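Listed here are the chains, written in short residue letters.
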Amino acid sequence: MNAVVIAVLVMLVLSLARVHVVLSLLLGALAGGLAAGLGLAETMKAFQTGLANGAQIALSYAMLGAFAVAIAHSGLPQTLANAVIRRLDAGHVRDRVPGSMNAVKWGLLLALLAMSVMSQNLIPIHIAFIPLIIPPLLLVFNRMQIDRRLLACVMTFGLVTTYMWLPYGFGEIFLKQILVGNINKAGLNVDDVNVMHAMTIPALGMVAGLLVALLFSYRRPRAYQNSTVDVEAARQAAARPEMSAYRSTVAVAAVVISFVVQLWADSLLLGAMVGFAVFMAAGVVRWGEADAVFNNGVKMMAMIGFIMIAAQGFAEVMKTTKEIEPLVKASADMFAGSKGMAAAAMLLVGLLVTMGIGSSFSTLPIIATIYVPLCIGMGFSPVATLAIIGTAGALGDAGSPASDSTLGPTAGLNADGQHDHIRDTVIPTFLHYNLPLMVSGWIAAMVL
């Protein structure tokens with residue numbers, strides 16, 4: 001078997017067996033490196049090189065966490081939580097959920113989806129909003145008996161579909177800088193191709209998966225126990241004062257400035273740092289509070305950042321094995337002469353690679369240089385080539401144990417220990433998004 005396949009399978013099996021994701025990534029990398037004949041010393045050297053490469057990612061996540069906590073300090077995230085909690089405490093919901101509260105339920109799901117979408121562009125704090133928004137609302141979700149697997153699917157949809165379709169914020173980085181940039185470097189000029197047009201059909205596959213989760217899979221109520229963690233988080237949210245006009249203005253200004261700096265400097269780290277500085281300069285985060293706010297943000301994102309560092313080590317080992325290209329070519333050669341089967345093989349390999357690495361942004365540079373010559377040789381159009389490579393990169397982001405698109409929802413939903421990362425986030429998002437994305441990506445390859 002190919003070493004990359006072995007590494008990914010080992011990592012996934014261990015994760016499903018409840019081995020910690022970091023340890024699963026390390027053991028998977030060791031299995032892949034040894035299977036490729038690298039030897040223990042060279043495998044660990046490559047893994048440690050990847051860890052160094054992940055330092056910038058971890059620092060960016062820590063800064064995003066600090067920026068998100070500063071936003072929370074202004075009172076912005078609690079506005080929604082307060083309104084919902086007061087509405088429910090007014091007597092509308094006690095032990096059972098009456099039909100009249102369906103509007104509140106769907107409004108809450110829509111608001112959660114909107115926040116997930118905006119976290120990728122308008123308020124570029126990525127997953128850092130989840131540990132702030134979700135824990136105070138767990139008591140609300142429990143009362144309404146909303147299946148947390150549905151909440152995970154809603155958030156993951158917003159986190160993934162937004163960057164793979166909208167060329168703004170994180171989407172501008174994924175679609176224009178990484179996807180188009182690497183295809184151009186590989187010898188196929190796609191500057192004139194409309195990336196939204198190319199990725200619309202794959203994005204519709206994600207929409208189909210979300211509708212299945214909403215209307216069928218997790219529609220029925222699911223009971224959870226109200227823990228002291230839920231009650232305390234809701235109490236603290238309700239006790240916070242409503243935002244003043246001044247704090248609201250500062251929060252909006254910080255978000256806008258952070259967004260502008262991020263686009264101008266192409267740096268999440270710098271954008272989050274400047275946004276945090278705006279809160280301090282305006283006095284919303286006082287000088288004496290800055291250290292505590294920053295530390296809370298770092299703590300909130302520490303585990304996710306640590307997993308992302310380990311994922312970079314895994315990715316570096318996969319690159320060092322030099323077995324990704326043979327895997328792609330062998331898959332394509334099996335279906336020589338059949339564009340449909342070749343497209344399916346390329347999408348499947350993209351799924352395997354991203355499931356292991358945990359980052360679509362890291363997968364694209366690896367596969368683009370290999371896929372472009374194959375697509376040209378098979379006769380795919382430039383727009384179809386862009387759709388194939390973009391979809392192959394996005395496949396596996398939802399449903400990967402090491403992806404921030406699954407780690408983020410779990411960080412919020414498991415605050416009281418009632419939401420399992422693998423069974424309640426990874427498996428549901430894999431089934432509802434990767435399967436329809438495979439189908440829709442294949443359709444895009446055939447019709448574009």
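Structure report, in brief. Everything quoted here is computed from the prediction, not taken from an experiment. (Residues numbered from 1 in each chain as written. Predicted model: local features only at pLDDT ≥ 70, side-chain atom pairs only at ≥ 80, totals over all residues. Heavy atoms only, no water.)

So, on to the overall build of the protein. Check the secondary structure of the protein and you find 20 helices and 0 strands. Counting all 448 residues of the protein, 56% fall into the buried class. Sequence-distant contacts, at least 24 apart, represent 81% of the contacts inside the protein between residues at least 6 apart. Summed over all atoms, the accessible surface of the protein reaches about 17,700 Å², with 65% contributed by carbon and sulfur. (Helix = DSSP H or I, 4+ residues; strand = E, 2+ residues; numbered from the N terminus. Buried < 20%, exposed > 50% of the residue type's maximum accessible area, 1.4 Å probe, protein only. Contact = heavy atoms within 4.5 Å. Areas by Shrake-Rupley, 256 points an atom, 1.4 Å probe, with all protein chains shown as cover.)

We now examine the nonpolar core. Counting residues in hydrophobic clusters, the biggest one holds 127 residues, and the most contacted among them are Leu25, Ile134, Met164, Phe279, Tyr371, Leu386 and Ile389. A total of 11 residues in this core trace back to one element, the largest contributor, which is helix α8 (residues 148–165). Among residues more than four places away in sequence, those in contact with Ile389 are Leu179, Ile183, Leu364, Ile367, Ala368, Tyr371 and Val372. (Core = buried A, V, L, I, M, F, W, Y, C linked by side-chain atoms within 4.5 Å.)

Residues Trp106, Leu204, Val207, Leu211, Val212, Leu215 and Phe216 make up a contiguous nonpolar surface patch of about 640 Å² in total accessible area. For the nonpolar patch, the element with the highest residue contribution is helix α10 (residues 195–217), accounting for 6 residues. Position of Phe216 relative to the elements: it lies in helix α10. By relative accessible area, which is 64% here, Phe216 ends up exposed. (Patch = residues over 30% accessible without salt bridge, like charges linked within 9 Å, V, L, I, M, F, W, Y side chains within 5 Å. Salt bridge = Lys/Arg side-chain N within 4 Å of Asp/Glu carboxyl O.)

We now examine helix α9 (residues 170–185). Along α9, the positions that sit buried rather than exposed are Phe170, Gly171, Ile173, Phe174, Leu175, Ile178, Leu179, Val180, Gly181, Asn182 and Ile183. Looking at the residues trailing α9, positive phi occurs at Gly187, about 110°.

Take it as geometry only, folks, not as evidence of what the structure does.
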